[in-house]
Amino acid sequence: MSSARQSFPISVDTTQKSEAVCEGWVLKKRRKKMQGFARRYFVLDQSGSLSYSIDPKRPIRDQIFLPHAALSTAVGRKDIHIDSSNATFHIKCLTADDFNKWLTAIRQFVHPEGRRSLAGKITPRLSQSQFNRSGIQIAEDIGSTISELEIAFATLQSESTHERNHPSLKSKSEKDKHHHHPKDVFNMFKKSHQVNEDGTLPKSNLDSPSNVRFQQINTTLASLKSQHAALLKSLAHDITAPPTARGSPLPPTTEEKEEEPLSTSRFNTALTRRSNLAISMSSLSDSAHNEWFDAEEGLGEEFFLDVPNPDEERELIVLQSENSSLNQTVSSDEEEHSSPLVHDTDPSANARQVVRRTRLPSGPIGDEGSLFAILKNNVGKDLSTIALPVSFNEPLTLLQRTAEELEYYNLLHQATEAKDPTQRLCFVAAFAVSGYAHTRYRTGRKGFNPMLAETFEDVRMKFLAEKVSHNPVVIAYHAEGEGWELNATSAGKTKFWGKSLEIIPLGTTRLRIGNDTYEWNKPSSFMRNLMMGTKYLEHCGKMTIENTTNGATCVLDFKQSGYWGASNEVSGIILSPSRDVTARIEGKWDEQVAQALDSSYLHVLWRITPFPKESPQYYGFTAFGMTLNEITSDLEGRLPPTDSRFRPDVRALEHGNGDEAEAQKIRVEEMQRDRRRRGINRTPRWFKQDGDEWTYVGGYWEARAKGWKDIPVEPLW
């Protein structure tokens with residue numbers, strides 16, 4: 001949409017301001033991602049042209065002709081969304097008066113007969129399963145608001161103290177108030193340096209007798225924070241809605257979501273209107289039969305979004321994102337797990353009741369160092385043969401990283417429910433592409449190399465991975481769900497070519513759904529700009545998914561990013577057994593994938609779950625990735641001693657102890673070398689080799705249910 005358009009100043013008639021119907025400062029959503037809202041000066045003239053600029057004296061940045069645009073508003077909200085063929089404005093008013101003023105002015109150019117209610121003509125009030133905003137998410141937003149209030153309070157207190165200590169400045173301050181524009185409200189949340197490192201307010205100010213009211217406000221804030229913590233704890237036990245593979249249409253970060261907590265971006269749809277300039281994946285509701293309505297020629301349209309009022313919202317407790325298979329009953333690290341667990345015969349049922357962490361104990365302990373400095377003397381060599389310090393690692397093993405590829409396993413549930421072979425293959429293709437989404441910010445560090453026979457499990461999709469070969473490194477993994485079963489062998493080579501690092505995947509992924517069996521191999525990945533510039537990861541090449549049962553195929557092309565063009569694009573076609581094109585797929589591996597229904601509409605198959613707002617401070621992990629090394633209540637006493645969660649070096653790095661992690665890494669690796677020298681090296685236990693591939697032999701979950709009594713497992717470290 002407008003985010004894909006470049007901004008060029010537009011010439012404007014100098015008489016425009018005198019003919020303005022309405023003008024003033026409002027917040028406008030920025031075009032680029034992750035930049036939130038910015039204050040802009042909008043002018044609506046008598047011809048129906050709505051334009052904006054950085055300030056009244058600067059050139060116009062963009063404009064929309066309202067009679068040819070669609071207007072969307074939400075009852076009880078102060079958001080106005082204006083969509084035309086060449087631009088989209090998302091406007092937020094700070095006060096109800098501003099909202100009513102602008103809405104009244106804009107409606108002058110929207111014919112009454114052109115108004116539509118999305119609630120009445122497209123979908124009824126969103127059900128609990130469709131409302132794409134969880135109580136947990138709302139509680140987190142409350143936490144952000146509390147932080148802003150604390151900062152605003154500290155700023156106000158600081159200014160009050162300054163005026164009291166400098167009476168001569170007070171009169172000037174009062175004089176300036178008469179000249180200040182209402183725009184000063186935008187500065188009220190600027191950060192103050194009067195806040196202590198622990199987030200508290202300066203004690204000296206609070207102890208002053210003249211600041212009794214400040215003390216009362218601070219006490220109220222403390223009470224609000226306590227209530228917020230209690231709300232998080234109570235919500236953790238109320239979430240029971242099952243996840244699906246449909247997700248949030250928000251951009252893949254939560255930064256903008258913080259800025260616009262309850263805008264129309266809360267709604268998603270399976271059918272999406274294509275933009276003239278780029279693929280438009282945003283939408284307004286979550287029905288597979290919904291679509292955008294074009295404004296008639298010369299007639300604008302107004303849509304009313306059916307949004308629950310605040311009282312109703314407090315009763316809606318759903319998952320944060322139906323897109324991710326991550327169980328979203330999350331809370332802080334100190335959260336207690338008081339939900340009763342069911343019998344261990346169904347570990348996936350236990351997993352659905354678990355409260356999971358939302359951040360790691362510690363971020364990176366320092367700069368990862370110069371990978372180029374280490375690799376410059378190893379051009380063309382396999383990276384797995386080069387010893388790297390622990391500072392180049394992230395607190396996950398390669399076994400756990402394979403589990404990240406199955407985060408959106410609920411796409412496979414949708415594939416099992418699809419009766420049409422083409423539709424089923426589309427969901428399988430979306431699942432294959434979604435396996436790359438977690439790599440978006442993972443460009444500088446690698447996972448720990450597992451020990452031979454080391455394992456990792458994830459009960460959410462009955463996932464089991466085991467390292468079956470040390471040289472070369474080969475990992476086999478298996479997962480299953482209702483109606484589907486997946487087996488895969490993961491291996492690869494890494495080569496340094498001077499300016500980039502190439503990762504060449506080896507091994508095949510096999511998926512069985514009913515009587516259909518699908519196979520595919522992965523394209524190469526490249527880490528760019530190792531010498532200078534911003535490092536980034538891109539996946540390039542062809543991926544062919546073949547239904548070996550009937551011969552149908554899906555050919556996906558991971559396109560290489562150009563200097564000016566879009567990045568991370570994926571396109572593909574579905575070929576029938578007779579080699580006819582039956583469907584087309586397009587999207588981005590780090591955003592979403594959709595099936596092109598015709599030249600105007602797309603059926604969204606998958607959307608990425610927004611990254612946590614603190615993801616860059618925690619190795620670029622997704623919310624799902626942050627849970628992989630956690631030993632939750634349903635896992636205590638049930639994991640084998642070979643599980644990656646027990647690796648002491650990984651655990652030390654996760655807690656920010658780099659020296660301990662380095663020492664433990666050396667110790668664990670030396671133990672493996674000693675076993676190999678003595679001829680007692682471990683052998684794979686849960687997988688067997690079948691040609692070049694490895695398959696699951698079974699028995700792991702049965703032994704787990706018996707507490708490993710019949711099949712003892714010896715530790716590796």
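Worth saying up front: this structure is predicted, and the values here are computed from it rather than measured.

Draft legend 1. Region of the structure containing the pairing of strand β16 (residues 463–469). Burial of β16 is extensive: seven of the seven residues sit out of reach of the surface. Taken together, the four bridges between strand β15 (residues 455–458) and β16 define a ladder with antiparallel strand orientation. By the bridge assignment, T455 is partnered in β16 with E466. What sits between β15 and β16 in their antiparallel hairpin is a turn of four residues, with K462 showing a positive phi close to 45°. Two successive antiparallel strands, β16 and strand β17 (residues 474–481), enclose a turn made up of four residues.

Draft legend 2. Representation of the state of the cysteines. Scanning the entire structure with this criterion turns up zero disulfides. Residue C93 stays outside any disulfide, its sulfur separated by 8.8 Å from that of C22, the closest cysteine.

Draft legend 3. Inspection of helix α15 (residues 658–677) at higher detail. Over its 20 residues, α15 extends 29 Å from the first C-alpha to the last, a length consistent with the 28 Å expected when each residue adds 1.5 Å. For α15, the set of buried residues is G658, A661, Q664, K665, V668, Q672 and R675. When α15 is viewed along its axis, its buried side chains cluster within an angular range of 125° and face the same direction. α15 presents D659 and R677 as exposed residues on the side facing more than 90 degrees away from its buried surface. Considering only its buried residues, α15 is in contact with β13 (393–397), β14 (446–448) and α14 (648–654). The residue sitting at the N-terminus of α15 and contributing the capping side-chain oxygen is N657; that oxygen lies 3.1 Å from the backbone nitrogen of E660.

Draft legend 4. Structural detail: the pattern of salt bridges. Enumeration according to the criterion identifies 29 salt bridges in this entry. Ionic pairing is found between E454 and R647, a salt bridge with its closest N-O pair at 2.9 Å. Pair noted here: E454 is in the loop between β14 and β15 and R647 is in the loop between β28 (601–607) and α14, with a separation of 193 residues, a long-range link. Residue E454 is classed as buried on the basis of its relative accessible area of 0%. A relative accessible area of 2% places R647 in the buried class. The structure contains a network of salt bridges with shared partners spanning K665, E669, E670, R673, D674, R677 and R678.

Rules and cut-offs
Throughout this document, residue positions are counted from 1 along each chain, in the order its sequence is written. Only residues with pLDDT of at least 70 get local features here, since the model is predicted, and only at 80 or more are side-chain atom pairs given and counted; chain-wide, interface and lining totals rely on the full set of residues. Just so you know, side-chain values use all the structure's heavy atoms and leave hydrogens and water out. Here's how the labels work: a residue is buried when its accessible area is under 20% of the maximum for its type, exposed when over 50%, partly exposed in between, all with a 1.4 Å probe on protein chains only. We count a stretch as a helix when DSSP gives it H or I for four or more residues in a row; a strand needs E for two or more, and each element gets its number in order from the N terminus. Here a strand pair is declared whenever DSSP counts at least two bridges between the two strands. When the sulfur atoms of two cysteines come within 2.5 Å, that pair is taken as a disulfide. To estimate the expected span of a helix, subtract one from its residue number and multiply by 1.5 Å. This arc is built from the directions going out from the helix axis to the C-beta atoms. Here, residues are in contact when the closest pair of their heavy atoms is within 4.5 Å. We call two N or O atoms a polar contact when they sit within 3.5 Å, provided that within protein one can donate a hydrogen and the other can accept it, with sequence-adjacent residues counted only if both atoms are side-chain atoms. Salt bridge, as used here, is a side-chain nitrogen of Lys or Arg placed within 4 Å of a carboxyl oxygen of Asp or Glu.

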